[in-house]
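What the coordinates show
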Amino acid sequence: MGTWSEALIETTREQAYPGAMMKNSDGRSGMLTERSINGIKICAVKSMYMMPVPTDEIIASFTCLNDMITAGWVID
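About the cut-offs
Residues numbered from 1 in each chain as written. Predicted model: local features only at pLDDT ≥ 70, side-chain atom pairs only at ≥ 80, totals over all residues. Heavy atoms only, no water. Helix = DSSP H or I, 4+ residues; strand = E, 2+ residues; numbered from the N terminus. Rg over C-alpha atoms; globule rule 2.2 N^0.38 Å. Buried < 20%, exposed > 50% of the residue type's maximum accessible area, 1.4 Å probe, protein only. Contact = heavy atoms within 4.5 Å. Areas by Shrake-Rupley, 256 points an atom, 1.4 Å probe, with all protein chains shown as cover. Lys, Arg positive; Asp, Glu negative; His and termini not counted. Charge placed at Lys NZ, Arg CZ, Asp CG, Glu CD. Salt bridge = Lys/Arg side-chain N within 4 Å of Asp/Glu carboxyl O.

Further remarks concern the overall build of the protein chain. A count of helical and extended segments in the protein chain gives two helices and five strands. Ordered by position in the sequence, the α and β elements of the protein chain form the string α-β-β-β-β-α-β. For 76 residues, the compact-globule formula gives about 11 Å, and the C-alpha radius of gyration of the protein chain, at 12 Å, lands near that figure. The principal-axis extent of the C-alpha atoms belonging to the protein chain is close to 35 × 25 × 20 Å. Expressed as a percentage of its 76 residues, the buried residues of the protein chain come to 34%. Counting only contacts in the protein chain whose residues sit at least 6 apart along the sequence, the fraction spanning at least 24 positions is 39%. As displayed, the protein chain offers around 4,700 Å² of accessible surface, 53% of which is attributable to carbon and sulfur atoms. Each charge sign in the protein chain was given a centre, from 6 positive and 9 negative side chains, and these centres are 3 Å apart.

Listed below in structure tokens is the structure:
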């Protein structure tokens, strides 16, 4: 979790909802497709008409936001 600034982590806590583009400290990126009591899912994206569109491939899932941030994911 030391890679990202506290400001970016706080922005992630406030603004990471379905449709948000996410980035990981390991270089991966994806789109947050679910943030609910059931958990958080980040899906791979493909480019369609120069816009990122989520695919059905789940590249990360978490039970809570803290676990997602600890794993290196923040809003892009």
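The tally for this structure, following the rule as stated, stands at three salt bridges. A salt bridge links Asp76 to Lys23, with the nearest nitrogen and oxygen atoms 3.7 Å apart. Here the residue Asp76 occupies a position in the segment after strand E5 (73-75), and Lys23 occupies one in strand E1 (residues 21-24), the gap between them amounting to 53 residues. According to the relative accessible area criterion, Lys23 is partly exposed, its value standing at 24%. Residues Lys41 and Glu34 are paired through a salt bridge, measuring 3.4 Å at the closest nitrogen-oxygen approach.

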